[in-house]
Amino acid sequence: MKKALLYILILIAGVFIGILMTLRNTQGLLSTIYNGVNGNNAGNKISELYNVLDKQYVDSININKIDEATVAYALMQLDPHSSYIPKEDIEEANEQLNGSFSGVGIQFNIQKDTVYIIDVIPGGPAERAGILAGDRVVTVDDSLFVGKSINNEKVFKKLRGAKGTKIILGIVRRTEKEVLKFTLKRDDIPVNTVNAAHIVSDGIGYVNISSFGQNTYSETMTALAKVKKQGAKSVIIDLRGNAGGYLDAAVNILNEFLKRGDLIVYIQGRAYKRTDFNANGTGSFQDMKVAVLIDEFSGSASEIFAGAIQDNDRGLVIGRRSFGKGLVQQPYRFSDGSEARITIARYYTPSGRCIQKPYTKGDRSDYDVELWNRFIHGEFYNADSIHQNDSVKYKTVKGRTVYGGGGIMPDIFIPRDTIGLTPSFNYLVNHALIYQFALQYTDYHRKEMKQYKNWKDLENYLKSQNLVRELTIFAENQGAKLSQRDMTISRNLIDQYVNSYIVRNMLTEDDFYHILNTNDKTVQMAVKQLSKF
């Protein structure tokens, strides 16, 4: 149970990156912090206190540091999603939503105190220079870059930088005796938010969207065009684990599916006049059947997407109840470059429901563990454990009852799949041993696996290699104590995960999802339902 608690809390932490952006200017929203209520400086205790501390406090103090702490604390007294972001964290906070960043174009993992290159971005500086997946970075600009002090943050700071600036990487490659030197010129590296687009069954496409960022609309249009060209008459939009992002990205994609005049979402707040977003009738996929997949980590813009499809009776929503974030944040940039993200409104699905789950202002403790409470109450496994609020009933376009006040409830509930889950499997996942083994296996067998150009052929090869046995030996050498009974029960699940990671290392992210979807019950249900039409 303790391991389960740790695992679920780690997952919960990831959901809070979903931030909704709007276009309205917010200059002046925080002016009362410094200028007093209604411009009355005399009534501003914070300004008075700063003045006293600056002039009379016994020791020298850093007013700026106190200032940051004060602003951060003030925002914490509001709703759970109003927040403060220091200047040095702005770039990282926005990166997943922005279309690109400047860097060298590698995906990496730190293994045994060394930066291990998992993949190179197609067309990026690293690929152009001849750096390969499996290479290890040992020096940066002729300075040693290995050891226990190396972490993700240090790697990011070293490899990223202004476009056009140069960096020299020292690379160790298994096939070479000497350290290889590569001089790279940093360039724009795309941040992809569509992970997969392929056919999962005859006439049914699959598109996986990880977040709603600056380029998500164009990426999704490309993905939809791809599966349509391959014969898709229906499509599965997978938003599981998608914590949200830009409002306009979700709205623009929904516009492609909905008829002219269909309400997509509306936004309204105390000082924010109701603003409606309607489909304009120019969408290219208005006749394509749709199923949307959600789970407890689908939030914000993902819930707008699922709610619009559900309320307009445009398609099916399948999975588990979504996170329940119905608050709209807007950024306010301070003069020093830091930023406050302030909740200015709520969004409402077409039927009029706000799916924001309950919270108490200034008290985030219960809010932060709400997903854990769902877990221990059995909601992830049994739809009957979900208690809908009868006081917030609404009707879809065709008269079906839907509920507000706490996430989007799917049309078809799919419990978490527990087949093959054992303590030994959980240990392998929680300690990243499956992932590490897949990296090592790829590194040692890259040459013989290069002959396989598609995921099916490579997976068939991997299935003949008895990788579960090799993984067991690898894990035990890392100190793992695995139960033979557990490994037998979890064998198929472990095999699938190992194969999918190796295939991703050798081929693409899309191929990774091909394998994972093979036994995915939520995807299978979507295929079953869409096949009826």
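On a predicted model such as this, the values are computed, not experimentally measured, just so you know. (Residues numbered from 1 in each chain as written. Predicted model: local features only at pLDDT ≥ 70, side-chain atom pairs only at ≥ 80, totals over all residues. Heavy atoms only, no water.)

1. With respect to the overall build of the chain
Each helix and strand counted, the chain has 20 helices and 21 strands in total. A globule of 533 residues ought to have a C-alpha radius of gyration of about 24 Å, and the chain, at 25 Å, matches this closely. Dimensions of the chain, computed from C-alpha atoms along their principal axes, come out at roughly 75 × 65 × 45 Å. In the chain, of all internal contacts separated by at least 6 residues, the share reaching a separation of at least 24 is 70%. With an accessible surface of roughly 26,400 Å², the chain has 50% of that area assigned to carbon and sulfur atoms. Charge separation in the chain, taken as the distance between the mean sites of 65 positive and 58 negative side-chain charges, equals 3 Å. (Helix = DSSP H or I, 4+ residues; strand = E, 2+ residues; numbered from the N terminus. Rg over C-alpha atoms; globule rule 2.2 N^0.38 Å. Contact = heavy atoms within 4.5 Å. Areas by Shrake-Rupley, 256 points an atom, 1.4 Å probe, with all protein chains shown as cover. Lys, Arg positive; Asp, Glu negative; His and termini not counted. Charge placed at Lys NZ, Arg CZ, Asp CG, Glu CD.)

2. Considering the pattern of salt bridges
It is possible for side chains of opposite charge to pair when their charged atoms get near one another. Applying the stated criterion to the full structure yields 26 salt bridges. With a closest N to O distance of 2.8 Å, D135 and R173 form a salt bridge. In this pair, D135 sits in the loop between helix 6 (125-129) and strand 5 (136-140) while R173 sits in the loop between strand 7 (166-172) and strand 8 (180-185), placing the two residues 38 residues apart along the sequence. Take D135 and R173: they sit in the same class, and that class is buried. (Salt bridge = Lys/Arg side-chain N within 4 Å of Asp/Glu carboxyl O. Buried < 20%, exposed > 50% of the residue type's maximum accessible area, 1.4 Å probe, protein only.)

3. Notes on the nonpolar core
Judged by nonpolar contacts, the single largest core of 44 residues is most densely connected at V207, F212, I237, F257, V292 and F305. When neighbours within four sequence positions are excluded, V292 is seen to be in contact with I237, L239, F305, A306, I309, L316, V317 and I318. (Core = buried A, V, L, I, M, F, W, Y, C linked by side-chain atoms within 4.5 Å.)

4. Comments concerning helix 4 (residues 63-76)
Here helix 4 spans 20 Å end to end across 14 residues, near enough to the 20 Å set by a 1.5 Å rise per residue. Looking at helix 4, one finds that the buried residues are D67, V71 and L75. Take helix 4 and look down its axis: the buried residues cluster within an arc of 60°, on one side only. With respect to the buried face of helix 4, the exposed residues turned more than 90 degrees away are K65 and Y73. N-cap assignment for helix 4: the residue whose side-chain oxygen lies 3.1 Å from the backbone N of N64 is N62. (Expected span 1.5 Å × (residues − 1). Arc of directions from axis to C-beta. Polar contact = N/O pair within 3.5 Å; in protein donor to acceptor, adjacent residues only side chain to side chain.)

5. Description of the side chain of D295
When you line up the elements, D295 lands in the loop between strand 15 (289-294) and helix 10 (301-311). The side chain of D295 sits in the buried core without any salt bridge; R320 is the nearest counter-charge, 4.5 Å away. Looking at D295, its side chain comes within polar contact range of the main-chain nitrogen of F297, at 2.9 Å. Excluding its chain neighbours within four sequence positions, the residues that come into contact with D295 are R240, G241, R320, R321, S322 and F323.

6. A look at the sheet that holds strand 21 (residues 412-413)
One open sheet holds the six strands; their spatial order is 10-11-12-15-16-21, and the pairing between them is mixed. The sheet terminates laterally at strand 10 (194-201) and strand 21, the two strands that pair on one side only. Note that strand 15 and strand 16 (residues 316-319) share four bridges and pair parallel. When the bridges of strand 16 are listed, A291 appears paired with L316. Running at roughly 135° to strand 15, helix 10 makes contact with strand 12 (234-238), strand 15 and strand 16 of the sheet. (Pairing = 2+ DSSP bridges. Axes fitted to C-alpha atoms, helices over the stretch in contact; angles between N-to-C directions.)

7. Some remarks on the confidence of the model for the chain
Mean pLDDT over the chain stands at 87; residues scoring 70 or higher make up 91%. Every residue in residues 1-39 scores below 50 in pLDDT, and together they form 90 contacts with partners more than four places removed in sequence or on other chains. (pLDDT = per-residue confidence, 0-100.)

8. Topic: a nonpolar patch on the surface
Residues Y57, V58 and I61 make up a contiguous nonpolar surface patch of about 290 Å² in total accessible area. Along the chain, I61 falls in the loop between helix 3 (45-56) and helix 4. On the accessibility criterion, I61 (31% relative accessible area) is partly exposed. (Patch = residues over 30% accessible without salt bridge, like charges linked within 9 Å, V, L, I, M, F, W, Y side chains within 5 Å.)

9. Thoughts on the environment of R416
Relative to the helices and strands, R416 resides in the loop between strand 21 and helix 13 (423-430). For R416, the side chain forms a polar contact with the side chain of Y381, separated by 3.5 Å.

10. Comments concerning the packing of helix 18 (residues 491-506) against helix 19 (residues 509-516)
Packed helix pairs are characterised by how far apart their axes lie and by the angle those axes make with each other. One way to put it is that helix 18 packs onto helix 19 with a least axis distance of 8 Å and a crossing angle of 165°. Taken together, the axis directions place helix 18 and helix 19 in an arrangement best described as roughly antiparallel. The handedness of the crossing between helix 18 and helix 19 is right-handed. Between helix 18, through Q496, N499, S500, Y501, V503 and R504, and helix 19, the contact on the second element is made entirely by E509, D511, F512, I515 and L516. Its residues assigned to classes, the contact of helix 18 with helix 19 shows five nonpolar, three polar and three charged. (Parallel < 35°, antiparallel > 145°, perpendicular 65-115°, else oblique. Left-handed = near helix turned anticlockwise from the far one by under 90°. Nonpolar A, V, L, I, M, F, W, Y, C, P; charged D, E, K, R; others polar.)

11. With respect to unusual backbone geometry
When glycine is set aside, most residues are seen to have a negative phi, and most peptide bonds are trans. For D141, which is not glycine, the phi dihedral falls at a positive 50°. With respect to the secondary-structure elements, D141 resides in the loop between strand 5 and strand 6 (143-144). Positive phi outside glycine occurs at A432, with the angle close to 55°. Looking at the secondary structure, you find A432 in the loop between helix 13 and helix 14 (433-449).

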